[in-house]
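A structural walkthrough
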Amino acid sequence: MLHSMTENKQPMRVLAFFDGRPGHEKQTRGILYELGRLVDLTVIETRVERKGLQGNIADLAGLLAVRAGKGAKEYEGIDLLIGTGSSTHVPMLRAKKMAGVPAVTCMTPASYLQPCFDLCFVPLHDGVKDGGNIVTTIGPPNCARPSGDKDPSRGLILIGGVDKKSHHWQSAATVGHVRQIARRRQDIHWTVASSPRTPLDTAEMLTAAARESANIEFISYEATSPGWIEQQYARSLHVWVTADSMSMVYEALTAGCKVGLLPVDWLSSANKFNRSADYLTAHGIVVDYSAWLSGRDAVWSENDEPLHEARHCAEEIVKRWPPKN
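Every value quoted in this text rests on a predicted model; they were computed, and no experiment measured them. (Residues numbered from 1 in each chain as written. Predicted model: local features only at pLDDT ≥ 70, side-chain atom pairs only at ≥ 80, totals over all residues. Heavy atoms only, no water.)

Points about the overall build of the protein
Within the protein one finds twelve helices and 14 strands. Per-residue burial over the protein gives 48% buried out of 325 residues. Long-range pairs, those at least 24 residues apart, make up 70% of the contacts in the protein between residues at least 6 apart in sequence. A total of about 15,400 Å² of accessible surface is found on the protein, and carbon and sulfur atoms cover 52% of it. (Helix = DSSP H or I, 4+ residues; strand = E, 2+ residues; numbered from the N terminus. Buried < 20%, exposed > 50% of the residue type's maximum accessible area, 1.4 Å probe, protein only. Contact = heavy atoms within 4.5 Å. Areas by Shrake-Rupley, 256 points an atom, 1.4 Å probe, with all protein chains shown as cover.)

Written out as structure tokens, the structure reads:
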């Protein structure tokens, strides 16, 4: 069925809700891109405001007051609603109630809202059971694209940083891992990039490492422009990412990179980032740093298949709601 739709390109009009958070936007746009490869897609975008507790309570009360079908003219011609982020949930459900069209979200909604959605794409690390309106994904969908033009002599190391809820950040240990990678793989030029969470002392140590190592180049996130990271994924064969930055791990995997995980000191082994890391290493999708040091990195020569979670989500949408002729 999907093959036929790809050829015929039946029309679909989607109203997409965005909350201004880049990570959420990437998930929605990744699915929309793949939907556009399956159907003749028209996307109408709407922005929602992120509100505090009082605003959310008022929105919920407003949702309960909306009568089904009332105001449907406002959404005339819309086939589907989609959005990522809790701020999009009530506005989407309000539109669903008024327009009578399916609503899709790319995360686990609050338990009292979950039954209201027609489809929820939920990463495995959330621990929600697959079935009904829940479809699990290995990781969140994203906008990365596979590239076959990777340079084996170029590598990328992405550094996360402080998150007091999930881990203790250790600057010296992390920079030590970077230095070790560069020493062991001197045939590769390593671009090392920080993130907004990277502490100043880590950035200073990385600057020193780049000064002392001919095959390390350090770039602060402040010096990068939109699209820079996607360009690095496209040309870099090997990518290391600190395990607290799982969104970048999944982007690199989607781009077809061979990905390694740099360890962090977790506060709890039960947090979702650690569950993601454990799943990916157990299934041979990534290699962890300790295994790599021990020479157990065969996964990098065996795993050549990029992740296609955005495509998986788009195909599920089209399967459930085929476009009308």
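Brief notes about the sheet that holds strand β12 (residues 258–262)
Taken in spatial order, the six strands of this open sheet run β10-β9-β7-β11-β12-β14, and their pairing is parallel. The open sheet has two free edges, formed respectively by β10 (216–219) and β14 (287–288), since each of these has just one partner strand. Examined bridge by bridge, strand β9 (residues 189–193) and β10 share four bridges and lie parallel to one another. Residue pairing for β10: Thr191 is matched across the bridge by Glu217. (Pairing = 2+ DSSP bridges.)

Details of the packing of aromatic side chains
Under the counting rule described, the total for this entry stands at four aromatic pairs. Taken together, a centroid distance of 6.0 Å and an interplanar angle of 75° make the contact between Trp240 and Tyr289 edge-to-face. With Trp240 in strand β11 (residues 236–242) and Tyr289 in helix α10 (residues 289–293), this residue pair connects regions lying 49 residues apart in the sequence. With a centroid separation of 5.2 Å and 75° between ring planes, the pair formed by Trp240 and Trp292 is classed as edge-to-face. Of this pair, Trp240 sits in strand β11 while Trp292 sits in helix α10, and the two are 52 residues apart along the sequence. (Phe/Tyr/Trp six-rings, centres within 6.5 Å; stacked < 30°, edge-to-face > 60°.)

A short note on the environment of Phe117
Mapped onto the fold, Phe117 is located in the loop between β4 (103–105) and β5 (119–123). Considered as a pair, Phe117 and Leu93 are 24 residues apart in the sequence and their alpha carbons are 7.4 Å apart. What Phe117 contacts, discounting residues up to four positions off in sequence, is His89, Met92, Leu93, Ala103, Val104, Thr105, Pro109 and Asn133.

Comments concerning the side chain of Thr88
Summarising the element assignment, Thr88 is placed in helix α4 (residues 86–99). Look at Thr88 and you get buried, because its relative accessible area is 0%. Excluding its chain neighbours within four sequence positions, the residues that come into contact with Thr88 are Phe17, Phe18, Asp19, Val48 and Gly83.

Here we look at the layout of surface pockets
Roughly 1,500 Å³ of internal volume is contained in the largest pocket. Along its surface, the largest pocket is lined by 47 residues, and Pro22, Gly23, Ser247, Met248 and Glu251 are the ones closest to its centre. Elements with a contribution of two residues or more to the lining of the largest pocket: α2 (22–38), α4, α7 (228–235), α8 (246–254) and α9 (272–282). Per-class residue counts for the lining of the largest pocket are 18 nonpolar, 18 polar and eleven charged. (1 Å grid on protein atoms, 1.4 Å probe; cavity = no way out; pocket = protein on both sides within 12 Å on 5 of 7 lines; lining within 4 Å. Points joined across faces, edges and corners; volume = space filled by probe spheres on them. Nonpolar A, V, L, I, M, F, W, Y, C, P; charged D, E, K, R; others polar.)

Re the pattern of salt bridges
As enumerated under the stated definition, the model contains 13 salt bridges in all. For the salt bridge of Lys319 with Glu316, the shortest nitrogen-to-oxygen distance reads 3.4 Å. Taken together, the residues Lys319 and Glu316, both in helix α12 (residues 309–320) and three residues apart, mark about one turn of the helix. Within the structure, one salt-bridge network assembled from shared partners comprises Glu25, Arg29, Glu45 and Arg47. (Salt bridge = Lys/Arg side-chain N within 4 Å of Asp/Glu carboxyl O.)

Points about α7
All of the buried residues along α7 are Trp228, Ile229, Gln232 and Tyr233. The buried residues of α7 all sit within an arc of 140° when viewed along its axis, so they share a single face. Where α7 is buried, its residues contact α2, β7 (151–158), β9, β10, β11 and α8. (Arc of directions from axis to C-beta.)

Focus on the packing of α8 against α9
Axis separation between α8 and α9 bottoms out at 10 Å; the angle between their running directions is 30°. Considering the angle they form, α8 stands roughly parallel to α9. On α9, the residues touching Met246, Val249, Tyr250 and Leu253 of α8 are Phe273, Ser276, Ala277 and Leu280. (Axes fitted to C-alpha atoms, helices over the stretch in contact; angles between N-to-C directions. Parallel < 35°, antiparallel > 145°, perpendicular 65-115°, else oblique.)

Some details on the confidence of the model for the protein
Looking at the protein as a whole, the pLDDT averages 89, with 88% of positions reaching at least 70. Below a pLDDT of 50 lies the segment residues 1–6, which in the model reaches eleven contacts outside its immediate sequence neighbourhood of four places, other chains included. (pLDDT = per-residue confidence, 0-100.)

Points about the sheet that holds strand β2 (residues 40–47)
With respect to topology, six strands assemble into an open sheet ordered β2-β1-β3-β4-β5-β6, the strand pairing being parallel. The open sheet is flanked by β2 and β6 (134–137), the only strands paired with a single partner. Across the sheet, the mean angle from the axis of one strand to that of its neighbour is 20°, orientation sign disregarded. Sheet topology note: the strand β1 (residues 11–18)/strand β3 (residues 80–83) ladder contains four bridges and is parallel.

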